Amino acid sequence: MRLEQNPSDDAGAVFFALADPTRRHLVQTLGDGSSVTPSALAANLPLTRQALTKHLGVLGDAGLVTKTRAGRETLYTLEPEPLTEAAAWIASVGGAWDERLGRLESLFADRRG
Amino acid sequence: MPEDRDNERSAVTRERTLDASPAEVWATLTDEILLAQWLAAEVEFDAREGGDAHFEFDDGETRDAEVDTVELEERLAWTWRADGEDAGRVELRLEPLEAGGTRLTVIESRPMRSSAPATEWGPMLTSLASMHSSLVCA
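Model, not experiment: these values are computed from the prediction.

**Considerations on the overall build of chain B**
The secondary structure content of chain B amounts to three helices and seven strands. Along its sequence from the N terminus, chain B presents helices and strands in the succession β-α-α-β-β-β-β-β-β-α. Each of the 138 residues in chain B was classed as buried or not, and the buried ones make up 42%. Contacts in chain B between residues at least 24 apart in sequence constitute 36% of all its contacts with a sequence separation of at least 6. Approximately 7400 Å² of chain B is accessible, and the part contributed by carbon and sulfur atoms is 45%.

**A word on the environment of B:Ala20**
Along the chain, B:Ala20 falls in the loop between strand 1 (9–18) and helix 1 (22–30). Residue B:Ala20 is classed as buried on the basis of its relative accessible area, which comes to 5%. Between the C-alpha atom of B:Ala20 and that of B:Gly100, which follows or precedes it by 80 residues, the distance is 7.7 Å. Residues contacting B:Ala20, with those up to four places away along its chain left out, are A:Phe108, A:Arg111, B:Val25, B:Gly101 and B:Thr102.

**With respect to the pairing of strand 2 (residues 73–78) of chain A**
Residues and elements named next belong to chain A. The element strand 2 is largely enclosed, with a buried count of five among its six residues. Summarising the sheet, strand 1 (residues 65–70) and strand 2 pair through six bridges and their orientation is antiparallel. Across the sheet, residue Val 65 finds its bridge partner in strand 2, namely Leu 78. Count of turn residues in the strand 1/strand 2 antiparallel hairpin: two residues, of which Gly 71 carries a positive phi of about 65°.

**Quick look at the nonpolar core**
Of all hydrophobic cores here, the largest spans 54 residues; its most connected members are A:Trp97, B:Phe45, B:Phe55, B:Trp78, B:Trp80 and B:Leu104. The element best represented in this core is helix 5 (residues 81–112) of chain A, accounting for eight residues. Among residues more than four places away in sequence, those in contact with B:Phe45 are B:Leu29, B:Thr30, B:Glu32, B:Leu35, B:Asp52, B:Ala53, B:Phe55, B:Val67, B:Leu76 and B:Trp78.

**Considerations on the packing of helix 2 (residues 21–30) of chain A against helix 4 (residues 49–61) of chain A**
Residue and element names in this part refer to chain A. Interaxial distance between helix 2 and helix 4 falls to 10 Å at its minimum, and their mutual angle equals 75°. Taken together, the axes of helix 2 and helix 4 are roughly perpendicular relative to one another. Along its contact with helix 2, which presents Thr 22, Arg 23, Leu 26 and Val 27, the element helix 4 presents Leu 52, His 55, Leu 56, Val 58 and Leu 59. Looking at the contact of helix 2 with helix 4, its residues break down into six nonpolar, two polar and one charged.

**Here's the deal with the pattern of salt bridges**
Residues and elements named next belong to chain B. Counted under the stated rule, the structure contains twelve salt bridges over all chains. Residue Arg 75 is joined to Glu 91 by a salt bridge in which the shortest nitrogen-to-oxygen separation is 3.0 Å. Of this pair, Arg 75 sits in strand 5 (residues 75–82) while Glu 91 sits in strand 6 (residues 88–96), and the two are 16 residues apart along the sequence. The exposure class assigned to Arg 75 is partly exposed, which follows from its relative accessible area of 26%. By relative accessible area, which is 8% here, Glu 91 ends up buried. When salt bridges that share partners are traced, they join Asp 68, Glu 71, Arg 75, Arg 89, Glu 91 and Arg 93 into one network.

**Section: a negative patch on the surface**
All names here are of chain B. The grouping of Asp 31, Glu 32, Glu 42, Glu 44, Asp 52, Glu 56, Asp 64, Glu 66 and Asp 83 at the surface amounts to a negative patch. Among the secondary structure elements, those contributing two or more residues to the negative patch are strand 2 (42–45), strand 3 (52–56) and strand 4 (62–71). Assignment of secondary structure puts Glu 66 in strand 4. Overall, the relative accessible area of 46% leaves Glu 66 in the partly exposed class.

**What to know about the pairing of strand 4 of chain B**
Residue and element names in this part refer to chain B. Pairing between strand 3 and strand 4: five bridges, direction antiparallel. Looking at strand 4, one finds that Glu 56 is bridged to Thr 62. Here strand 4 folds back onto strand 5 in antiparallel fashion, the turn holding three residues, of which Glu 73 has a positive phi close to 60°.

Procedures and definitions
Residues numbered from 1 in each chain as written. Chains lettered and ligands numbered in written order. Predicted model: local features only at pLDDT ≥ 70, side-chain atom pairs only at ≥ 80, totals over all residues. Heavy atoms only, no water. Helix = DSSP H or I, 4+ residues; strand = E, 2+ residues; numbered from the N terminus. Buried < 20%, exposed > 50% of the residue type's maximum accessible area, 1.4 Å probe, protein only. Contact = heavy atoms within 4.5 Å. Areas by Shrake-Rupley, 256 points an atom, 1.4 Å probe, with all protein chains shown as cover. Pairing = 2+ DSSP bridges. Core = buried A, V, L, I, M, F, W, Y, C linked by side-chain atoms within 4.5 Å. Axes fitted to C-alpha atoms, helices over the stretch in contact; angles between N-to-C directions. Parallel < 35°, antiparallel > 145°, perpendicular 65-115°, else oblique. Nonpolar A, V, L, I, M, F, W, Y, C, P; charged D, E, K, R; others polar. Salt bridge = Lys/Arg side-chain N within 4 Å of Asp/Glu carboxyl O. Patch = residues over 30% accessible without salt bridge, like charges linked within 9 Å, V, L, I, M, F, W, Y side chains within 5 Å. Lys, Arg positive; Asp, Glu negative; His and termini not counted. Charge placed at Lys NZ, Arg CZ, Asp CG, Glu CD.

Put into structure tokens, the structure is as follows:
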């Protein structure tokens, strides 16, 4: 469990993680909240085990998946918080500019009287 | 480990068509008193390359900035940072429109680690938004 999460610091790692279609597919596969083994994740993907491990590593670096052990199996689970934070950054910055530009437009509109 | 590329950034873009000439718009981007009417509550702004700027917002947040690009009536850019946060770069572009008026484009970006070109972020951000909605509704 990650402690302090700063939206601006994590957004970059999340954007990078989700820039790859295979990783987006993995995130969506995990999206129902279940914990899944690598074999199950690789089932419908033309991926070597090594490539899958690499992709899961990138997702782990972004805090998007955590892994646990159940007996001899490794299970991966989606952690949606970084997605929320990246989306929050986009929304926050976009929203701030919408407000500012609205005021800017008003300056010119007011001038016409 | 992913390659660290500071020249790749995630960005938010906004455009507006303003009923004013590029010169008039430029004034609202570079004059401290005008900036304080729309961008922030209080502004100090040295509109020269390498100039310092300081912004105070309505919610009390303050940011310090350094202006890196000043191309008269065309492009203005600075990097700003609030205490304890990552820096963001703001770029403002002005284009005169044939029918009159000025198109203003604002891009605010942050550095990120990536091997994908910046132009590919559009579809990814759309996926991100839809994925986020489906997760929070679950």
